[in-house]
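What the coordinates show
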Amino acid sequence: MLPAQNRCRPGLRPPWDPVDAGRGVTACVRVFGRPGSRPKTLTPVLAAGDHARMSDSRDSMTGTTAVQAQVLAGHGRFLIAAAARAPSVHNTQPWRFRVSPDVVELWSDPQRKLRADPSGREMLISCGAALFGLRLAIRSLGYLPVTELLPDPAQLRLLARVRTGAAAPANGLERRMLDAVPHRHTHRGPFAPGPLPHGLLAGLQHDALAEGATLALVTGGLAYDRLERITAAAARRGDLNPRARAEIRRWTRTAASMARDGIPATALASRTGRPPGRLPQRDFDLDRGIARLPSGGAPPPATAVLLTPGDRRADWLRAGQALYRLLLHAASQRLFASLHTQPLEDTATRGLISSQLALPGHPQMLLQLGPATTASATGRRLPGEPDSP
Ligand SMILES: Cc1cc2nc3c(=O)[nH]c(=O)nc-3n(C[C@H](O)[C@H](O)[C@H](O)COP(=O)(O)O)c2cc1C
């Protein structure tokens, strides 16, 4: 067994719970590039064939141990492409992968860390999300992933090692989540009217718990008003911060840009007044008029805070896994979320949210969830995409 601090989700055994892990890396596939680097081709990250394979575990079900050992290397590009569809702060994609025949390593890429994120909390939440994507992709090959979190204290950038465990076909929910990978997106435009399907929120709360986090629902006018007041004050301060503004300029893309990182104009909403029931969003437009989505729309049916019991690197990785898991679960029912972390970049504001809402943990992400039809998926760098000259 792994030491307790290295297990992904202590005490819980959902389908992809980690059980054990060995060591050894023999070859590398890396994903990296400078921010804003122009792609060499326009191939979509998940090609149609790749996506079909995510849902098809037939060929892997008869695998022997020897075949199993080779399975990761044989699917390296697919696994990385699937993992890289994860959400990341400002679409920085601050991760690198190394694939060998029997293990995929996930590394952080501190060159892609935001200055507004000195502790690397948001970078690690993003990498945790990619880790969940990787685990889910391994499920699509018909194996249970075995995850070793923060395996080597001497290598801080090495965040996880993932191997294949026992053969087991993906279940129905996993397959639906895999199907949602290509169209899941962060939603910043108007929400459509309509309630959430019965039982969905309980399902998302289960997702968070299964990953070692808690999804606290902000129900009742008083709690929402408090959250709204705190986040609005934090957003006003954040929007005026010259360093944060420079960083947003660096990581947002105009409609003409071909970059496959950063947030494209097509995913940004104009800031003509904040609709009722919506938490304040970062000012991504910065008076440039680049945002292509309208504002307005119905109030989202759910507002939630994702919490972790601790506030260390392993907690941030767990928060990221929980986040991507519940976002994919929601997207499998065509429900999407707006994500809000600007207020959480200020330590005092995080504490205030926690105490004013009496939350049982450390806030890692604020999100609002609802039906939406207006946005499309954003781009990703390709596995092995080189730095542009
Ligand atoms: C840790 C983290 C923080 C984020 N913070 C915000 C935020 O404050 N505002 C926002 O609109 N989106 C936020 N996002 C969403 C990213 O901008 C989004 O994931 C990225 O642009 C990729 O787009 P996609 O999620 O549509 O694939 C955040 C995502 C993560 C993982």
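Predicted, not measured: the structure shown is a model, and the values here were computed from it.

What counts and what doesn't
Residues numbered from 1 in each chain as written. Predicted model: local features only at pLDDT ≥ 70, side-chain atom pairs only at ≥ 80, totals over all residues. Helix = DSSP H or I, 4+ residues; strand = E, 2+ residues; numbered from the N terminus. Buried ≥ 20, exposed ≤ 12 C-beta atoms within 10 Å, placed from the backbone. Contact = placed C-beta atoms within 7 Å. Pairing = 2+ DSSP bridges. Axes fitted to C-alpha atoms, helices over the stretch in contact; angles between N-to-C directions. pLDDT = per-residue confidence, 0-100. Parallel < 35°, antiparallel > 145°, perpendicular 65-115°, else oblique. Left-handed = near helix turned anticlockwise from the far one by under 90°. Near = placed C-beta within 6 Å. Nonpolar A, V, L, I, M, F, W, Y, C, P; charged D, E, K, R; others polar. Domains from an automatic or database assignment. Arc of directions from axis to C-beta.

A tally of helices and strands in the chain yields 10 helices and 10 strands. Burial status across the chain gives 49% buried among its 389 residues. A separation threshold of at least 6 residues defines the contact pool for the chain, and within that pool the share at least 24 residues apart is 79%.

Bringing the sheet that holds strand β5 (residues 214-217) into the picture now. In spatial order, the strands read β5-β8-β10-β9; together these four strands make up an open sheet with antiparallel pairing. One side of each edge strand has no neighbouring strand; the edge strands of this open sheet are β5 and β9 (335-340). Ignoring strand direction, the axes of neighbouring strands in this sheet form an average angle of 35°. Both β5 and strand β8 (residues 302-308) contribute to a ladder of four bridges, which runs antiparallel.

What follows deals with the pairing of β8. Taken across its seven residues, β8 has seven buried, putting it largely inside the fold. Because side chains alternate across β8, one face comprises the buried residues A302, A304, L306 and T308, and the other comprises T303, V305 and L307, equally buried. Bridge count for β8 against strand β10 (residues 362-371) is seven bridges, and the pairing is antiparallel. Counterpart to L306 in the pairing with β10 is M365.

What follows concerns the confidence of the model for the chain. A residue-level look at the chain finds 80% of positions with pLDDT of 70 or above and a mean pLDDT of 83. Contacts from residues 1-64, a stretch scored under 50 in pLDDT, to residues over four places away or in other chains number 141 contacts.

β9 sits mainly inside the fold: six of its six residues count as buried. Burial of β9 is two-sided: the residues L335, A337 and L339 facing one way and the residues F336, S338 and H340 facing the other way are all buried. Here six bridges tie β9 to β10, and the two strands are oriented antiparallel to one another. What sits directly across from L335, in β10, is P371.

This next bit is on the packing of helix α6 (residues 200-210) against helix α9 (residues 313-331). Where α6 contacts α9, the two axes come as close as 8 Å, and the packing angle between them is 155°. With respect to each other, α6 and α9 are oriented roughly antiparallel. Helix-helix and strand crossings are classified by hand; for α6 and α9 the assignment is right-handed. Each of L200, G203, L204, D207 and A208 in α6 lies in contact with α9, whose residues at this interface are A322, R325, L326, H329 and A330.

The ligand sits among 22 residues. The nearest are P87, N91, H185, T186 and T341. When contributions to the shell around the ligand are tallied by element, the ones reaching two or more residues are α4 (121-140) and β9. Top element by residues in the shell around the ligand is α4. It accounts for four residues. Its residues placed into classes, the shell around the ligand shows eight nonpolar, 11 polar and three charged. Viewed by domain, the shell around the ligand spans two of them, domain 1 (4-180) and domain 2 (200-371), each represented by three or more residues.

Turning to α6, a few remarks are in order. Taken as a whole, α6 has its buried residues at L204, D207, A208 and A210. Seen end-on, α6 carries its buried residues on one side only, within an arc spanning 165°. Looking at the buried side of α6, the elements it contacts are β5, β8 and α9. The first or second residue beyond α6 is G212, which carries a positive phi of 85°.

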